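# Examining the three-dimensional arrangement
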Amino acid sequence: MSSSTILQTAIYDPFVASVLTIGEYAWTIEKNYLRKAKTKREEGNSYSLRGSSVELVMLVNNNPKYELKLFDGDKTIGIGRGLDVEELEYLSGVINEQISECSRKKQ
């Protein structure tokens, strides 16, 4: 593992605030990078969301680090690095529930 990856996990990621909104027709995610006073925004059609899952992204000193992955068409967006796996699993369940609800409304 490179030292830059460890540095990113230890210093950078705790300073990212993410807001995910999933509406009936569209979704939006905003990542606010507090150290850089910068915001990154992504959006798409709610019907193209395929779900979310919690995945292991790295090991730091034999401690697993997880991230929530949001699947939109052929794109994958990672959020929540730095949260506990239990928190990520809860969020993934809520997100998948909302995606299922949007799919039911489409039919």
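Quick look at the structure, then. (Residues numbered from 1 in each chain as written. Predicted model: local features only at pLDDT ≥ 70, side-chain atom pairs only at ≥ 80, totals over all residues. Heavy atoms only, no water.)

## Observations concerning the overall build of the protein
Helix and strand content of the protein: 2 helices and 6 strands. Going from N to C terminus, the protein has its helices and strands arranged as α-β-β-β-β-β-β-α. Within the protein, the proportion of its 107 residues that are buried is 27%. Considering only contacts in the protein between residues 6 or more positions apart, those separated by 24 or more positions represent 35%. (Helix = DSSP H or I, 4+ residues; strand = E, 2+ residues; numbered from the N terminus. Buried < 20%, exposed > 50% of the residue type's maximum accessible area, 1.4 Å probe, protein only. Contact = heavy atoms within 4.5 Å.)

## Concerning the environment of isoleucine 22
As for its placement among the helices and strands, isoleucine 22 is situated in strand 1 (residues 16–22). A C-alpha to C-alpha distance of 6.7 Å links isoleucine 22 and serine 46, two positions 24 residues apart in sequence.

## Considering the pattern of salt bridges
Summed over the entire model, instances satisfying the criterion amount to 6 salt bridges. Across the pair lysine 40 and glutamate 42 runs a salt bridge, and its minimum N-O distance is 3.8 Å. Under the relative-accessibility criterion, lysine 40 is labelled partly exposed at 39%. Looking at glutamate 42, the relative accessible area reads 18%, which means it is buried. With its nearest N and O atoms 3.2 Å apart, the salt bridge here joins glutamate 43 to arginine 41. In the salt-bridge network here, residues are joined through shared partners; they are Glu30, Arg41 and Glu43. (Salt bridge = Lys/Arg side-chain N within 4 Å of Asp/Glu carboxyl O.)

## Some remarks on a negative patch on the surface
Among the surface-exposed residues, Asp84, Glu86, Glu87 and Glu89 lie close enough to one another that they form a single negatively charged patch. If you trace the backbone, aspartate 84 turns up in the loop between strand 6 (75–79) and helix 2 (85–106). Assessed through its relative accessible area of 48%, aspartate 84 is described here as partly exposed. (Patch = residues over 30% accessible without salt bridge, like charges linked within 9 Å, V, L, I, M, F, W, Y side chains within 5 Å. Areas by Shrake-Rupley, 256 points an atom, 1.4 Å probe, with all protein chains shown as cover. Lys, Arg positive; Asp, Glu negative; His and termini not counted. Charge placed at Lys NZ, Arg CZ, Asp CG, Glu CD.)

## A look at helix 2
The terminal C-alpha atoms of helix 2, which comprises 22 residues, lie 31 Å apart, in line with the 32 Å expected from a rise of 1.5 Å per residue. Buried within helix 2 are the following residues: Leu88, Ser92, Ile95, Ile99 and Cys102. For helix 2, the angular spread of buried residues about the axis comes to 85°, placing them on one side. Exposed and oriented more than 90 degrees from the buried face of helix 2 are Glu86, Tyr90, Glu97 and Arg104. Packed against the buried residues of helix 2 are strand 1, strand 4 (49–60), strand 5 (63–72) and strand 6. (Expected span 1.5 Å × (residues − 1). Arc of directions from axis to C-beta.)

## Some details on the environment of leucine 34
Considering the arrangement of structural elements, one finds leucine 34 in the loop between strand 2 (26–33) and strand 3 (38–45). Once the C-alpha coordinates of leucine 34 and valine 16 are considered, the two residues, 18 residues apart in sequence, prove to be 6.1 Å apart.

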